[in-house]
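# Structural overview for review
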Amino acid sequence: MTSPPAVAPSTAPGRAPGRRFRVLVTDEVDPEGVALLLAEPDLDVDVVPTLPAAELLERIGEYDGLVGRSATRITGDLLRRARRLTVVGRAGVGVDNIDLATATALGVAVINAPAGNTVAVAELFFGVMLGLLRHLPAADGSMKAGRWDRSALLGRELRGRTLGIVGVGRIGGEVATRARAFGMRVLGYDPYVADARLQGLQVQRMETLQALCAAADILTVHTPLTDETRGLIGAAEIAALPRGAIVANLARGGIVDQAALLAALGNGQVGGAALDVYEQEPLAPDHPLRRAPNVVLTPHIGASTAEAQRNVAVDTCAAVRDALLREELGRSLNVAALDGAEWGELQPALLLARRAATLARALLADRGVRRVERLSVRLGAAFAGGRQAFLAAAALGALEGVVEAERLNLINARATAEARGLELAAGELADLDHPAAVEVVVAAGAEAVTVTGVAPHGAAARFTRIERFRVDVAPRQTLIVLTNRDVPGVIGRVGSLLGAAGVNIAEYHQARLEQGGDALAAISVDDPVGAELRRRLLELPEVRSATIVSFGA
């Protein structure tokens, strides 16, 4: 008979009942979004102007959530100071003002609003392009100066020109749709977009960036700023453009090499440019771009419409609310990519993976093994593809306290495991019949514990195997796992003990390998089971071990 810890820690994915969360909203987020947070009784919301970095650093430790725009920089130092912080919402598209790597390592979800400003940016592109081609800024200036420069303002049309789009995502797609309405030929370069999407947009795929540049009268970029896209449009790409082509960047400063663009504007290789974003913002008053010929400059106003600001604020605040109150992380940038429907479908499997790992860990501890060296998750066909890694991370979250991390969750589970040398594996499960099967193995050295279950969409998750024993029990609230000799009267004596202690049995599943041999009981109960009741269970002569796991609600 062993004497393991009395109760395994609760690792249920739900939040603690009655818990309140504090949220800081800054950078003048649209009131319609803020109203969603203020309407929640379990959220205490502070709405403040953009704070100096030092003041924010002092205050951030009080908050569970933060919502802002681009004015507030979420640095690594800030994130490390924010010990309560679980979610950061960026009311906009770009997240280059957020240290995403540190947030991921610390288990802080980062959420943005990628769709809210799509139309605003697409419309601005055509506004500045028409302004450039028809000399609208010069025409307006001349009129206000009292002149009539009609003969000097001969413009050009969009119709018949070839538009090259780098990045045919949401915004690039909206630009393509409108370009077709202007009668333009549209080419696209995006190695991450399927042919079917390009075909639906009537965009001709170009296999290389150089090929796109060589064919484009107007080149526009609509990608995020990453290590891969920084300097993407450099001297070589600009040199590949037809002489006199136009370059537009309304995405992120740094994607187009400003020095190379200035040189090309000066020598006539580039006939014009439209820029809304810059390598350093705000653009310096004496920057050469302000004096360059045939350039339309705007001060990063791509998302600056009332509609776009409302959309991104509502999207972001709703996602932050759901992350805090319901642990809905499907919108997080630093968790496996799932849409809302997939997130809902995976909830039973996420719960099962986490609780199977919790149970396996507790059973391993009952053998005197406190460390964990390996965790593997195998999944049925229903969870193929990217969902495997997602569910493996969920299972790893059950090992909080085994690995040293202040927060261990879906966000940072894999990175935490890798940093500590914990082996994490995910694969398919071909030897069980059910397509929604989830098998979790927690191991250290030669000791390993396997727990298997099923989590069909639309139905409650159930454990189906604990080690060698077939069971059928739901992982609800508190689970008692007993190993005992298969002799008459055990079930009655266990039931009597639980009844006398006021513990209600929800399910009792007894399994055995052979008559009179080893047996296992999986007992789901509605009430907590403390150390004293566990001790009395172990005193029954037939009982060899008693593991109590509290999953929470």
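As a reminder, the structure under discussion sits directly above these lines.
Here goes a summary of the coordinates provided. Just so we're clear, the structure is a prediction, and the values are computed from it rather than from any experiment.

Now for helix α1 (residues 31–38). Listed in full, the buried residues belonging to α1 are G33, V34 and L37. In a view along the axis of α1, the buried residues occupy a sector of 95 degrees, so they form one face of it. Residues of α1 that are exposed and point over 90 degrees away from its buried face: P31 and L38. On its buried face, α1 sits against β1 (21–25), β2 (43–47), β3 (65–68) and α12 (306–326). At the N-terminal end of α1, a side-chain oxygen is found 2.9 Å from the backbone nitrogen of E32, two or three residues along, and the residue is D30.

Before going further, it helps to examine unusual backbone geometry. With omega at -5 degrees, the peptide bond leading from E281 into P282 counts as cis. Take P282: it is sitting in the loop between β11 (270–275) and β12 (295–297).

In this section: the environment of P348. With respect to the helices and strands, the residue P348 is situated in helix α13 (residues 340–366). Residue classification places P348 among the buried residues on the basis of a relative accessible area of 18%. Beyond its immediate sequence surroundings of up to four residues, P348 is in contact with A455, P456, A459 and A461.

Per the counting criterion, the structure on display carries 27 salt bridges. The salt bridge partner of K144 is D140, with a shortest N-O separation of 3.3 Å. Of this pair, K144 and D140 both sit in helix α6 (residues 136–144), four residues apart, which is roughly one turn of the helix. Residue classification places K144 among the exposed residues on the basis of a relative accessible area of 69%. On the accessibility criterion, D140 (39% relative accessible area) is partly exposed. Between E157 and R159 there is a salt bridge; the shortest N-O distance is 3.9 Å. Of the residues examined, R159 reaches a relative accessible area of 61% and is grouped as exposed. Taken together, the shared-partner salt bridges connect R462, D472, R476 and E507 into one network.

Thresholds, definitions, all that
Residues numbered from 1 in each chain as written. Predicted model: local features only at pLDDT ≥ 70, side-chain atom pairs only at ≥ 80, totals over all residues. Heavy atoms only, no water. Buried < 20%, exposed > 50% of the residue type's maximum accessible area, 1.4 Å probe, protein only. Helix = DSSP H or I, 4+ residues; strand = E, 2+ residues; numbered from the N terminus. Arc of directions from axis to C-beta. Contact = heavy atoms within 4.5 Å. Polar contact = N/O pair within 3.5 Å; in protein donor to acceptor, adjacent residues only side chain to side chain. Salt bridge = Lys/Arg side-chain N within 4 Å of Asp/Glu carboxyl O.

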